[in-house]
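Chain by chain, the residues run as shown.
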Amino acid sequence: ILEDRPSNPAAGDHDRPIGHGRMQRKEDPRFVRGKGHYVDDIVLPGMLHGAILRAPVAHARLVSIDTTAALAHPGVHAVITGTDLQALGLAWAPTLSMDVQAVLVTDKVRFQGQEVAFVVADDRYAARDALELIQVEYDVLPPVVDARKAMDPGAPVIRDDLEGRTDNHIFDWEAGNKAETDAVFASADVVVKQEIVYPRVHPAPMETCGAVADFDPIDGRLILYETTQAPHAHRTLFAMVSGIPEHKIRVVSPDIGGGFGNKVGIYPGYILAVVGSIVTGKPVKWVEDRSENLMSTSFARDYIMQGEIAATRDGKILALRTNVLADHGAFNATAQPTKYPAGFFHIFTGSYDLAAAHCTVTGVYTNKAPGGVAYACSFRVTEAVYLVERMVDILARKLEMDPAELRLKNFIKKEQFPYPNKTGWEYDSGDYEPTMRLSMKMAGYDELRREQKEKRERGELMGIGISFFTETVGAGPRKDMDILGLGMADGAELRIHPTGKAVVRISVQSQGQGHETTFAQIVAEEIGIPPEDIDVVHGDTDQTPFGLGTYGSRSTPVSGAAVALVARKVREKARFIAAAMLETRPEDLEWEKGRWFVKGDPSVGKTMAEIAMGAHGTVALPEGIDGNLDAEVTYDPPNLTFPFGAYICVVDIDPGTGHVKVRRFIAVDDCGTRINPMIIEGQIHGGLTDGVGMALMEIIEFDAEGNCLGGSLMDYLIPTAMEVPDWETGFTVTPSPHHPIGAKGVGESATVGSPPAVVNAVVDALAPFGVVHMDMPCTPSRVWEAMQGRTRPP
Ligand code: CDP
């Protein structure tokens, strides 16, 4: 257990995490020794290997496939095509957005990298070699690459598989009040507009996606080891698609090497591994390579946003409105709650108290990989925060106001919480000004502005960027939120063994966030057993209660609450058992951490370990109390939690090359009650690195023919330690009023909040050139073009 101290002295002395605070991660001994156990580490007797043939073009009719030579290749056991799947009724699978996606192409290729055939062989090499022997004839069609042209009359119709489809339109969605917002805009002193593009990026986890399917034809059982963030939801969907009864399917998600939303969806590769196992009667492993991951699994963002902000001349922000064009690729496979086709984008009013707001979102198909996942964010909150935080900066420039001052003037006030915003959210709690002021104090904001002024006089390019974000994390409640009809709630089970050691079983699944530590800490806090004595079991549907899984920073808000409540339930049961053991009445007992004792006589009591033994022993238990010391709950959250933060980024730009260097980054986060500050800082460091990557380097572009230009880590650049500064983190604590321990989510805050801080800093540095906006990523060539007064054509 490390010393419980704030990471930055300037943050002040309000670090009061629960219980064991900065406890070192229980999972690290295996990770730092290279003993993690990932899907690709699984080796089963007789296991075969699968490889996928992928389409080289973005849009084409499939004329013919000849698999004869591939089948004859040594070591090959099966070559599966779309026609084979059609016969099994498995050629198409439902997506998480109620669309369908081809598992293997039957009629038409719809994006470059789409799955065309599956080879199963003795090893990966034979499988890959056989792919090259499959002869495919394509009739190439013109692709739709630009979402802006997807709805043009005469644009090629991508989804002609859908009956009656004559265009590429998916949905129109809106939130807020249009008439009210238009009226506020019509009478405002100042209105500014800006088109803002959040480009297509990829979660790019270190471990790519993969599965090992083991179907036993004798008893009809399927064990599927899978890189998934949501094992229970996957099991239900596999049962619905395959016809294998759900109780005969076990999904195991072992250690996961990063998810970031990439491992929420069900990819054709997972289904093909299952089909391969059924066809060959052997276990089949499929693990994609890096290019397959970048080209075909879920992308993120790809929003073209028309932003407008209205204000008074003295800087009172009145209203926001936006129209968004959302590029969903070839299949609508976005992962978000059913009622919200644009996810939680309608939190785009941010941290400000507005008179009105309105947004519309139109989704379209293009010949690009499907997805639209919540990449390290809660369902499009990243796009929302980027829009509002860029618009506020653009307004500050127009009004010639300091961007920090403009934000401070417009924040929702502490006394306004719970705050109903104009698009239907109720923010649970917040106190924004102290958080903003702390970040400014840590940054030395006034001094930075003085330094910038001096540097500008010398022609040096220094920029200071601010972002203040509010997130909405922890989806449900189940009455409002579901994925494919499965309500967003989570279960927890807690069992104390006779010797006082415990096991807590949860339905969420860690991908590196340290749940084995923090969930044990929550139980330890509630029942007083040391966290070392509490095992956290997750990632196996045979071993854990049903729940919707880990994404959108929902583990702590939802499952963390479930764990606190199940521990309280066990504590209450322990009271009755202790009373029986002490031959007194339950109401005469009082709790202190770890033990029930007789009111007024603290020397007479029973510890949790003694009570656990008593529960399994021979003492006569009261009516209604069965033996054992255990409980289970399903937690349906009453609302989401609304963490927030203030970020300040300082950049220097080389005027000769346009290279942006992030010199400093100050991040003050408020995620309510903190469980493990060390883990929180780790989450923030990772998220900030992600954010710098998106702001400066990451983009998946396509050429006019629909070729993916970001299909390798030579082209899709992700940040390393070289690109990031020493992070300066601080925090404030505003507990959630409805969460049992007051915790809000934090896993994705930094990815959400940091891109606008970096871009605002870059644009600030370029102010002497008259630049008011530039689209991400701010690569040296784009910055240089902006300095020349040029922007890229859309
Ligand atoms: O769902 P996900 O685990 O990605 O996100 P999260 O619930 O925000 O949690 C990320 C990690 O930070 C977990 O280990 C949490 O338990 C921990 N955390 C914390 O220590 N205190 C909080 N208030 C929130 C999260």
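As shown above, the structure is provided for reference.
Residue positions within a chain follow its written sequence, with the count starting from 1. Local features in a predicted model are, by the rule used here, given only for residues with pLDDT of at least 70; side-chain atom pairs are given and counted only at 80 or more, and totals for whole chains, interfaces and linings are based on all residues. Hydrogens are left out, water is left out, and the side-chain values use all remaining heavy atoms of the structure.

Asker: Would you mind showing me how to read the overall build of the chain here?
Answerer: Numbering of helices and strands runs from the N terminus; a helix is a DSSP stretch of H or I covering at least four residues, while a strand is a stretch of E covering at least two. Within the chain, the regular secondary structure consists of 18 helices and 32 strands. Here the radius of gyration uses the C-alpha set of atoms, whereas the globule reference equals 2.2 Å times the residue count to the power 0.38. For the chain, the C-alpha radius of gyration of 27 Å lies close to 28 Å, the compact-globule estimate for 794 residues. Oriented by its inertia axes, the alpha-carbon framework of the chain measures out at about 85 × 75 × 50 Å. Exposure classes here rest on a 1.4 Å probe applied to the protein chains alone. A residue is buried below 20% of its type maximum, exposed above 50%, and partly exposed in between. The buried share of the chain, reckoned over its 794 residues, is 62%. We call two residues in contact whenever any of their non-hydrogen atoms come within 4.5 Å of each other. Considering only contacts within the chain whose residues lie at least 6 apart along the sequence, 79% involve residues at least 24 apart. The Shrake-Rupley method, run with a 1.4 Å probe, gives the accessible areas here. Residue values count only the displayed protein chains as cover. Carbon and sulfur atoms make up 52% of the accessible area of the chain, which totals about 28600 Å². Within this scheme the basic residues Lys and Arg register as positive and the acidic residues Asp and Glu register as negative, but His and the chain ends are omitted. Every charge is mapped onto a representative atom, which is NZ of Lys, CZ of Arg, CG of Asp or CD of Glu. Positive and negative side-chain charges of the chain, numbering 76 and 107 respectively, have mean locations separated by a distance of 3 Å.

Asker: Can you help me understand the sheet that holds strand E6 (residues 108–109) in this one?
Answerer: The strands making up a sheet associate through hydrogen bonds between their backbones, and the pairing can be parallel or antiparallel. As summarised here, the arrangement of the 3 strands in space is E6-E2-E8, forming an open sheet in which the pairing is antiparallel. Edge positions in the open sheet fall to E6 and strand E8 (135–140), since each of these has one partner strand only. Two strands are counted as paired when DSSP detects at least two bridges linking them. Of the strand pairs in this sheet, strand E2 (residues 60–66) and E8 are connected by 6 bridges, and their pairing is antiparallel. The residue of E8 that forms the bridge with Ile65 is Val136.

Asker: Got a minute to help me understand the pairing of strand E17 (residues 356–364) in this structure?
Answerer: Consecutive side chains along a regular strand alternate between the two faces of the sheet. Most of E17 sits inside the fold, with 7 of its 9 residues counted as buried. As paired strands, strand E9 (residues 169–176) and E17 are joined by 7 bridges and run antiparallel to one another. Along E17, the bridge assignment pairs Trp173 with Val361. Sheet topology places strand E16 (residues 317–327) next to E17; 9 bridges connect them, and they run parallel. Each residue of the ladder has a partner; that of Arg321, found in E17, is His358.

Asker: I would appreciate a short explanation of the site of the ligand in the present structure.
Answerer: Surveying the vicinity of the ligand reveals 23 residues, the closest of which are Gln513, His515, Ser555, Thr556 and Val746. Thr518 places a polar side-chain atom, nitrogen or oxygen, 2.8 Å from an oxygen atom of the ligand. Between the ligand and Cys671, the relevant distance is 3.2 Å, taken from a nitrogen atom to a main-chain nitrogen or oxygen of the residue. When the free accessible area of the ligand is taken as 520 Å², the share hidden by the protein chains comes to 99%. At the level of elements, helix H13 (515–527), helix H14 (555–582) and helix H16 (677–696) are the ones that each hand at least two residues to the shell around the ligand. Near residues are defined by distance, with any heavy atom within 4 Å of the molecule or strand qualifying the residue. Each polar contact in these results corresponds to two N or O atoms within 3.5 Å; when the atoms are within protein, one needs to be able to donate a hydrogen and the other to accept it, and residues that are neighboring in sequence are counted only if both atoms are side-chain atoms.

Asker: Please explain the state of the cysteines as it appears in this structure.
Answerer: A covalent bond between the sulfur atoms of two cysteines is what we call a disulfide. In what follows, a disulfide is any cysteine sulfur pair within 2.5 Å. One pass over the full model with this rule turns up 0 disulfides. Here Cys649 is not cross-linked by a disulfide; its sulfur's nearest cysteine counterpart is in Cys778, at 10 Å. We classify Cys649 as buried; its relative accessible area is 0%. Cys708 forms no disulfide, and the closest cysteine sulfur to it belongs to Cys209, at a distance of 15 Å.

Asker: Honestly, the pattern of salt bridges in this entry has me stumped. Any pointers?
Answerer: We count a salt bridge whenever a side-chain nitrogen from Lys or Arg sits within 4 Å of a carboxyl oxygen from Asp or Glu. This model, assessed by the stated rule, comprises 60 salt bridges. Ionic pairing is found between Lys178 and Asp182, a salt bridge with its closest N-O pair at 2.7 Å. Of this pair, Lys178 and Asp182 both sit in helix H5 (residues 178–186), 4 residues apart, which is roughly one turn of the helix. Overall, the relative accessible area of 47% leaves Lys178 in the partly exposed class.

Asker: Help me understand the environment of Asp129, please; the structure alone is not making it clear to me.
Answerer: Mapped onto the elements, Asp129 comes out in helix H4 (residues 124–131). Taking C-alpha positions, Asp129 is 9.5 Å from Ala51, a pair spaced 78 residues apart along the chain.

Asker: So what exactly am I meant to see when it comes to the nonpolar core here?
Answerer: Most often, soluble globular proteins keep nonpolar side chains buried together rather than apart. Working definition of a nonpolar core: buried Ala, Val, Leu, Ile, Met, Phe, Trp, Tyr and Cys residues. They are joined through side-chain atoms within 4.5 Å. Ranked by internal contacts, the top residues of the largest apolar core, which has 147 residues, are Phe345, Leu696 and Leu766. The dominant element in this core, judged by the number of residues it contributes, is helix H9 (residues 381–399), at 12 residues. When sequence neighbours within four positions are dropped, the list of residues in contact with Phe345 reads Tyr303, Met305, Thr322, Val324, Cys359, Val361, Phe379, Arg380, Glu383, Ala384 and Leu387. With 43 residues, the next largest nonpolar core counts Ile534, Ala574, Val633 and Tyr635 among its residues.

Asker: Would you take a moment to explain empty space enclosed by the protein for this structure?
Answerer: Regions of empty space are outlined by a rolling probe, equal in size to a water molecule, passed over the atoms. Using a grid of 1 Å spacing that covers the protein atoms alone, one calls a set of points a cavity when a 1.4 Å probe fits there but cannot get out, and a pocket when the set is open and has protein on both sides within 12 Å along at least five of seven lines; lining residues are those with an atom within 4 Å of a point. Grid points are joined across faces, edges and corners, and a volume is the space filled by probe spheres set on the points. Applying the stated rule across the entire model yields 7 cavities of 30 Å³ or more. Around the largest cavity, the lining comprises 21 residues; the ones closest to its centre are Pro94, Thr95, Gln101, Ile266 and Tyr267. Elements with a contribution of two residues or more to the lining of the largest cavity: strand E4 (92–94), strand E5 (100–102), helix H6 (231–242) and helix H7 (268–280). By residue number, the principal contributor to the lining of the largest cavity is H6, which donates 3 residues.

Asker: I tried to follow the packing of aromatic side chains on my own but got confused; where do I start?
Answerer: Side-chain rings of Phe, Tyr and Trp (the six-membered ring for Trp) are treated as a pair once their centres are within 6.5 Å; stacked means planes under 30 degrees apart, edge-to-face means over 60, and tilted covers the remaining angles. Under the criterion given, the structure shown has 29 aromatic pairs. Between Phe411 and Tyr432, the ring centres sit 5.7 Å apart and the planes meet at 75°, which makes this aromatic pair edge-to-face. Of the two residues, Phe411 is situated in the loop between helix H10 (403–410) and strand E18 (419–420) and Tyr432 in helix H11 (residues 432–443); the sequence distance between them amounts to 21 residues. A relative accessible area of 4% places Phe411 in the buried class. When its relative accessible area of 1% is taken as the criterion, Tyr432 is described as buried.

Asker: Explanation requested: the sheet that holds strand E20 (residues 461–470) in the structure shown.
Answerer: In space, the 4 strands of this open sheet follow the order E20-E30-E31-E32, with mixed pairing throughout. What marks the edges here is a single partner per strand, and that holds for E20 and strand E32 (727–731). Put simply, the sheet's adjacent strands are angled 15° from each other on average, direction ignored. Two strands pair when backbone bridges link them, and E20 and strand E30 (residues 644–653) are joined in this way by 10 bridges, in the antiparallel orientation. Each bridged residue has a counterpart across the sheet, and for Ile464 the counterpart in E30 is Val650. In the packing of H11 onto the sheet, the strands contacted are E20, E30, strand E31 (660–670) and E32, and the crossing angle to E31 comes to about 145°. The angle between two axes is taken between their N-to-C directions and runs from 0 to 180 degrees, where each axis is a line fitted to C-alpha atoms and a helix contributes only its stretch in contact.

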